[in-house]
Amino acid sequence: MHKEFSFVRAFFMKLTSKQLFLSILLLALSGQFSGLLSQVEESYTTFDYTDIREFNVGGIEIDGATERDPNAIKSIAGLREGKKIKIPGDDIPNAIKALLRLGLFEDVKIIQTDIQGDLIFLKIVLVDRPVLARYSIKGEPKNKHSNLTDIIDNTLTKGSIVTEDLKNLVKIKLEEHYVEKGFLDATVDISEKKDEVKNNAVRLIFNIDKKERVKISSITILGNKTLPDTKLKRKLKNTKVKGTLFKKSKYVKADYEEDKKSLLAFYNQNGFRDATIVTDTMWRTLDKDLNIQMTINEGNQYFFRNIKWKGNSIYNDEYLSTVLGINKGDVYDPELLQKRLSFSIDGRDISSLYLDDGYLFFSVDPVETAVVGDSIDMEMQIYEGAQATIANVNIDGNDRTHEHVIRRELRTKPGDKFSRTNIMRSQRAVMGLGYFTENMDIQTPVNQANGTVNINYTVEERPSDQLELSAGYGGRVSGLIGTLGITFNNFSLSNIKDRSTWSPLPQGDGQKLSVRGQSNGQFFRSYNVSFTEPWLGGKRPTSFTVGAVHSAFNREFFGSGLLKITRGFIGLGTQLKWPDDFFSINSTLSVERIVMNDFSGFSVEDNFGFFQPISRGNYKNISLNLTIARSSVSEPIYPRRGSRISLSLQVTPPYSLFRSNNDSFFLLSDEEKQSAINEENIRRGSGNIMNEVEEARFVFGLESSKKFEFLEYHKWRFNAEWYFNITGKFVLATNIKLGFLGKYNSDIGIAPFERFEVGGDGLSNQNAGITGKDIISLRGYDVRDLPVNNNGGGAIFDKFTMELRYPLALNPSSSIYVHGFVQGGNTWSRFTDFNPFDLKRSAGFGLRVFLPMFGLLGFDYGWGFDKTSGFGQFNIVLGFEPE
């Protein structure tokens, strides 16, 4: 008869006599003791514990756990062939406990299979715990499984042993995940089923019932006597009552604790440095919403009194106090004090004085020296230290862009004194190249022994080339236009022979190569190519640009004739040092030839003040454009602060001023008029002879084409943009655009080209060099909604825009933001008609998505308040921001 030692027996062996008696009594009362006793009697042989025998283990057999090493099991159990064990004794129970502690087995038994003299033969019977074969999630749509699977996989991976502890741990983590999202009542139930495919494996089913998100019904603040509820609740940025605009109402404990800190910080900023939250209480409503009530003890309000300086030798007390900008009687605000001492965005802080002059080891410690009533005396203890010199400037991470392209943008040079401002300006300049993500790391390891510092810039490359696929309606002249273009923003002309730098063209030198083509089928084609070298000669930031454009409209099929424009241009630009180095100046020389043959869309003013169409002629447009600009914007894709301001002047030679008699230059004699009329009538045919009015317009057109054969004008443009980070992630962007096309000679008048067409989505502004006009977008209005556009465009325009922007994503792969806007603009035929208060007003909203490969994508929907017909208008933005 076999004798079996199981965990059950080991359990009974450990019971005291009192515990054993109570256990037997309970089992007897339940009517189950007799059955259990008979089972134990049948299965086990009772040893006499007073008769302890010693055996040598003759052999050990392993039953179960076929995938595990038998020798390892024996070793962990502490049993081996030849070992002496005592029965009864601790050897068998200890072996069972050791194997159970592994957590690999559901049950462990050690059975005596035979006894031969002093030899005992044992069998270790093991039942493996099941492993996870697979799992499924129910109660949530598949698009929300990603975060849930991450939580499950971090705790319970496929192939791992499934235990109740692990299941409970996953359950807790999943429920915590929902609590963090405001689903305080969420429950997770885990059911376990045997896997049909894999032996000793189970599949788990996670049944999720997240229920309704618990919203905050009310927030009550008690005890606040000085600061109103509205201001205090604004500081609870992540704890909002339901119905709050742009914010979900939910309770997350971690966010709530942070919000309470923000509330107290707001009190501190207003001088209440002793303010505390005495109690905060929460309870659920009948609707299962959450009510929050907090009681505040404001304490006394404190003010700055005397501020003294100690340890300063470079700057005197008066100057430091002026920079600090905190006066006696000002509200005690430790946050403002810290900003004015350490770092302020506007550069108005004590640290900047020293750190921009090389004093890298500078420190200042504000110490309260006295508190008298509601007044606090401060002593600013300064350690100036020695000036630090830049030893080395290292650049890392630029695996595509050549180092000299980055280094030439840096304002930190070896041998210069350390300057925090120069580091920030260097970072802004490198980011402005557009070749790197915003994850730029700057380290400044210091060698105090010799007073030097290394500056290490680490950049992360991102795709900078752009593929342009866009479409836009250019009005009755251009029609529907499709564009295909590619811009290589980090091109390298010098590496053309080095095939290792091609991706797909040679890159790394920061040059720009752009190729574009536009067409609307057989009626319009345009080709554009340009090349820019930003550092001509390599020593100064002098840009050199050269390019050419050729466009052709062939609308003879529609009776509108032919228009061809061919233009070449060359430009130079450089950065200025005065008034400051945010300024730059650019000049572009352009030579353009315009050929029209029965083409409509342009007009000139006659002697009676009426605009008459011109449709023929061969025109030359030779102009020089000078632009001076200032830009302090550090983030070109989503600016948060700074400004861009530019003033440009485009001029042609004043040809009419060089002539002694302009009338004789372009007016036709009677014989020339009649000859031209006869030729036109012959061309038209006998069935389409011109009448007197048509003859007069025809002659006017001929004389106008002669008058403007060499276009003369002076054209002014002013653009200004400002960006303000008003609160949190919200950015206010304001914009002003003004334009004026002037004339040199009243007898000649305003040129029919280079005018301003206001309205539409502005997409056809990319065709300004094609159609001979500047296209200015005005959201909410079509081009035809402004009557001046029907006369070929205006000679003066204005446009004002205000946008409130909020980013949805700002990362290297994509930048996305939404915005609401108000806008107003108009255009006028003459300067004397200009009225800055006569605006076509609109408002609306939009979305912008910037993808490194495709550039800018988005849309706007605007409501025009001054439209004569219709109201809303939807605009698409592709490839660039409309002007």
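The rules we used
- Residues numbered from 1 in each chain as written.
- Predicted model: local features only at pLDDT ≥ 70, side-chain atom pairs only at ≥ 80, totals over all residues.
- Heavy atoms only, no water.
- Axes fitted to C-alpha atoms, helices over the stretch in contact; angles between N-to-C directions.
- Helix = DSSP H or I, 4+ residues; strand = E, 2+ residues; numbered from the N terminus.
- Parallel < 35°, antiparallel > 145°, perpendicular 65-115°, else oblique.
- Contact = heavy atoms within 4.5 Å.
- Nonpolar A, V, L, I, M, F, W, Y, C, P; charged D, E, K, R; others polar.
- Buried < 20%, exposed > 50% of the residue type's maximum accessible area, 1.4 Å probe, protein only.
- Pairing = 2+ DSSP bridges.
- Phe/Tyr/Trp six-rings, centres within 6.5 Å; stacked < 30°, edge-to-face > 60°.
- Left-handed = near helix turned anticlockwise from the far one by under 90°.
- Salt bridge = Lys/Arg side-chain N within 4 Å of Asp/Glu carboxyl O.
- Core = buried A, V, L, I, M, F, W, Y, C linked by side-chain atoms within 4.5 Å.

Draft legend 1. Layout of the packing of helix α4 (residues 70-77) against helix α5 (residues 91-101). α5 packs onto α4 with a crossing angle of 120 degrees between their chain directions and a minimal axis gap of 8 Å. Of the possible angle classes, the one that applies to α4 and α5 is oblique. From α4, Ile 73, Ile 76 and Ala 77 reach across to α5, where they touch Ala 95, Ala 98 and Leu 99. The residue inventory of the contact of α4 with α5, partitioned by class, reads 6 nonpolar, no polar and no charged.

Draft legend 2. Representation of the side chain of Arg 425 in the model. With respect to the helices and strands, the residue Arg 425 is situated in helix α14 (residues 420-432). Since its relative accessible area comes to 13%, Arg 425 is described here as buried. Dropping the residues within four chain positions of it, Arg 425 is found in contact with Arg 411, Asp 581 and Phe 582.

Draft legend 3. Fine view of the sheet that holds strand β11 (residues 290-297). Strand order in the open sheet made by the 3 strands is β9-β11-β10, with mixed pairing throughout. Of all the strands in the sheet, just β9 (216-222) and β10 (276-284) have a single pairing partner and so form its edges. Each adjacent strand pair in this sheet contributes to an overall mean axis angle of 15 degrees, direction not counted. Inspection of the sheet shows β10 paired to β11 by 8 bridges, in the antiparallel sense. Counted as the bridge partner of Asp 280 is Met 294 from β11.

Draft legend 4. Local environment of the packing of aromatic side chains. Summed over all chains, the structure comprises 27 aromatic pairs. Relative to Phe 183, the ring of Tyr 178 lies with its centre 6.2 Å away and its plane at 80 degrees, an arrangement referred to as edge-to-face. An identical accessibility class is assigned to Tyr 178 and Phe 183; each is buried. Between Tyr 251 and Tyr 256, the ring centres sit 5.6 Å apart and the planes meet at 55 degrees, which makes this aromatic pair tilted. For Tyr 251, a relative accessible area of 12% corresponds to the buried category. Given a relative accessible area of 1%, Tyr 256 falls into the buried group.

Draft legend 5. Fine view of the packing of helix α6 (residues 145-153) against helix α7 (residues 164-180). At a minimum axis distance of 9 Å, the contact between α6 and α7 shows a crossing angle of 150 degrees. As α6 runs across α7, the sense of the crossing is right-handed. In contact with Asn 147, Leu 148, Ile 151 and Ile 152 of α6, α7 contributes Val 170, Lys 173, Leu 174, His 177 and Tyr 178. Residues belonging to the contact of α6 with α7 are distributed by class as follows: 6 nonpolar, 2 polar and 1 charged.

Draft legend 6. Here's a closer look at the pattern of salt bridges. Using the criterion set out here, one finds 41 salt bridges in the structure. Residue Lys 167 is joined to Glu 192 by a salt bridge in which the shortest nitrogen-to-oxygen separation is 2.8 Å. Of this pair, Lys 167 sits in helix α7 while Glu 192 sits in strand β7 (residues 187-194), and the two are 25 residues apart along the sequence. Arg 420 serves as the salt-bridge partner of Asp 349, at 3.0 Å between the closest nitrogen and oxygen. With Asp 349 in the loop between α11 (334-341) and α12 (350-355) and Arg 420 in helix α14, the pair connects residues that are 71 residues apart, well separated along the chain. Across this residue pair, the class does not change: Asp 349 and Arg 420 are buried. Taken together, the shared-partner salt bridges in this structure form one network comprising Arg 779, Glu 803, Arg 805, Arg 848 and Asp 860.

Draft legend 7. How the structure looks around the sheet that holds strand β13 (residues 363-372). Spatially, 3 strands are ordered β12-β14-β13 in an open sheet, and the strand pairing comes out mixed. The strands lining the two open edges of the sheet, one partner per strand, are β12 (303-310) and β13. Across the sheet, the mean angle from the axis of one strand to that of its neighbour is 25 degrees, orientation sign disregarded. Pairing of β13 with strand β14 (residues 375-383), which is carried by 9 bridges, proceeds in the antiparallel orientation. Each bridged residue has a counterpart across the sheet, and for Ala 370 the counterpart in β14 is Asp 377. Sheet strands in contact with helix α10 (residues 317-324) are β12 and β14, and its direction is about 135 degrees off that of β12.

Draft legend 8. Geometry of the environment of Ser 75. Position of Ser 75 among the secondary structure elements: in helix α4. Of the residues examined, Ser 75 reaches a relative accessible area of 57% and is grouped as exposed.

Draft legend 9. Inspection of α5 at higher detail. The complete set of buried residues in α5 reads Ile 92, Pro 93, Ala 95, Ile 96, Ala 98 and Leu 99. Phi turns positive one or two residues past the end of α5, at Gly 103, with a value near 75 degrees.

Draft legend 10. Looking closely at unusual backbone geometry. Here Ile 87 and Pro 88 are connected by a cis peptide whose omega angle stands at -10 degrees. Within the element layout of this structure, Pro 88 appears in the loop between β3 (84-87) and α5. Backbone torsion omega between Trp 578 and Pro 579 reads 5 degrees, so that peptide bond is classified as cis. Mapped onto the secondary structure, Pro 579 falls in the loop between β24 (562-575) and β25 (583-605). Residues other than glycine seldom take positive phi values, yet Lys 211 does so here, at roughly 55 degrees. By relative accessible area, which is 39% here, Lys 211 ends up partly exposed.

Draft legend 11. How the structure looks around the pairing of strand β31 (residues 773-776). Burial of β31 is two-sided: the residues Lys 773 and Ile 775 facing one way and the residues Asp 774 and Ile 776 facing the other way are all buried. Bridge count between strand β30 (residues 755-758) and β31: 4 bridges; the pairing is parallel. Bridge pairing in β31 links Val 758 to Ile 776.

Draft legend 12. Seen up close, the nonpolar core. In this structure, Leu 563, Ile 594, Met 596, Tyr 619 and Leu 711 are the most contacted members of the largest nonpolar core, which totals 29 residues. Listed by contribution, the elements that provide at least two residues to this core are β24, β25, β26 (611-631) and β30. For this core, the leading source of residues is β25, giving 5 residues. Judged by nonpolar contacts, the second largest core, of 22 residues, contains Val 323, Leu 324, Ile 350 and Met 378.

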